[in-house]
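One-letter residues, chain by chain:
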Amino acid sequence: MSARVVLLGPPGAGKGTQAAKIKEKRNIAHISTGDILRDSVKRKTEIGLAAKSYMDSGRLVPDDLMIGMIRSRMVQGDIAAGGFILDGFPRTTVQAEALDRLLEDMSLCLDAALFLEISDDEVVRRLTNRRVCPSCGAIYNVIVRPTKAEGICDACGGSVIQRDDDKEQVIRNRLMVYRERTSPLIDYYEKRGLLYRVDGAKSSDTAVRLLESIGVM
Ligand code: ADP
Ligand code: ZN
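Everything numeric here is computed off the predicted structure, so don't read it as measured data.

K.L.:
Would you mind showing me how to read the packing of helix α7 (residues 120-128) against helix α8 (residues 168-182) here?
P.N.:
Relative orientation and spacing of two packed helices are given, respectively, by the angle between their axes and the distance between those axes. At a minimum axis distance of 10 Å, the contact between α7 and α8 shows a crossing angle of 135°. Taken as axis vectors, α7 and α8 run oblique relative to one another. Considering only the axes of α7 and α8, their crossing is right-handed. Taken together, the residues of α8 that come into contact with α7 (itself represented by D120, V123, V124, L127 and T128) are E168, I171, R172, R174, L175 and R179. Considered class by class, the residues forming the contact of α7 with α8 number five nonpolar, one polar and five charged.

K.L.:
Where do I start with the sheet that holds strand β4 (residues 112-117) in this structure?
P.N.:
Where strands meet in a sheet, backbone hydrogen bonds hold them as pairs that are either parallel or antiparallel. Taken in spatial order, the five strands of this open sheet run β2-β3-β1-β4-β7, and their pairing is parallel. Strands with a single pairing partner mark the edges of an open sheet, and in this sheet they are β2 (29-32) and β7 (195-199). Each strand axis lies, on average, 20° off the axis of its neighbour in the sheet, ignoring direction. Sheet topology note: the strand β1 (residues 3-8)/strand β3 (residues 83-87) ladder contains five bridges and is parallel. If you follow V6 over to β3, its bridge partner there is L86.

Calculation rules
Residues numbered from 1 in each chain as written. Chains lettered and ligands numbered in written order. Predicted model: local features only at pLDDT ≥ 70, side-chain atom pairs only at ≥ 80, totals over all residues. Heavy atoms only, no water. Axes fitted to C-alpha atoms, helices over the stretch in contact; angles between N-to-C directions. Helix = DSSP H or I, 4+ residues; strand = E, 2+ residues; numbered from the N terminus. Parallel < 35°, antiparallel > 145°, perpendicular 65-115°, else oblique. Left-handed = near helix turned anticlockwise from the far one by under 90°. Contact = heavy atoms within 4.5 Å. Nonpolar A, V, L, I, M, F, W, Y, C, P; charged D, E, K, R; others polar. Pairing = 2+ DSSP bridges.

Below, the structure written as structure tokens:
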């Protein structure tokens, strides 16, 4: 069974962690625009070079660039066949409208938009303690989910780092951008009857359980 799901919520709400859990259950494509962008920056591709300064300051990368990126990923064969979890896209109304058009072109419908709710204080607490493995994408937290050996990824043995944009001032900026540009999407999906709220402060399989309860997986 395929699932077509959008994950919404502020930075640090746990979109990446929940997506990984969903993927454990079903082998659905996990499309994280943040991961794709960071990889593009690392490889110094045209997109990466264009996106870097926006990302470093916590601003949004321009819509046309993001929409082009998603379009080229979504038309690959696995998406129509097996479904997708979109993590980090859409982030603006323009992006949401573009996604609707793209899905329509592909004759696909969205099953659900999951909104991970979490307070600003919790976001700051989580993100300042967050560490990531750039090699395999594993996510850790120095307080609640530390690596077994300090600085070394449990999954792949790579070095674990703090993202440049997980510094407090940049986090505050990302939260402001989220409130202005992304939070209107809650309404957008609510009006379409696709919005489901889950508590982002709770355990990391709330999204899986919600999707199971609405018959999406
Ligand atoms: P977060 O933890 O804030 O959800 P992400 O890893 O999803 O972080 O994204 C990191 C950065 O990449 C964002 O702050 C933004 O600059 C850029 N980005 C990711 N997805 C998008 C998008 N859909 N539209 C615009 N910018 C994006
Ligand atoms: Zn790793």
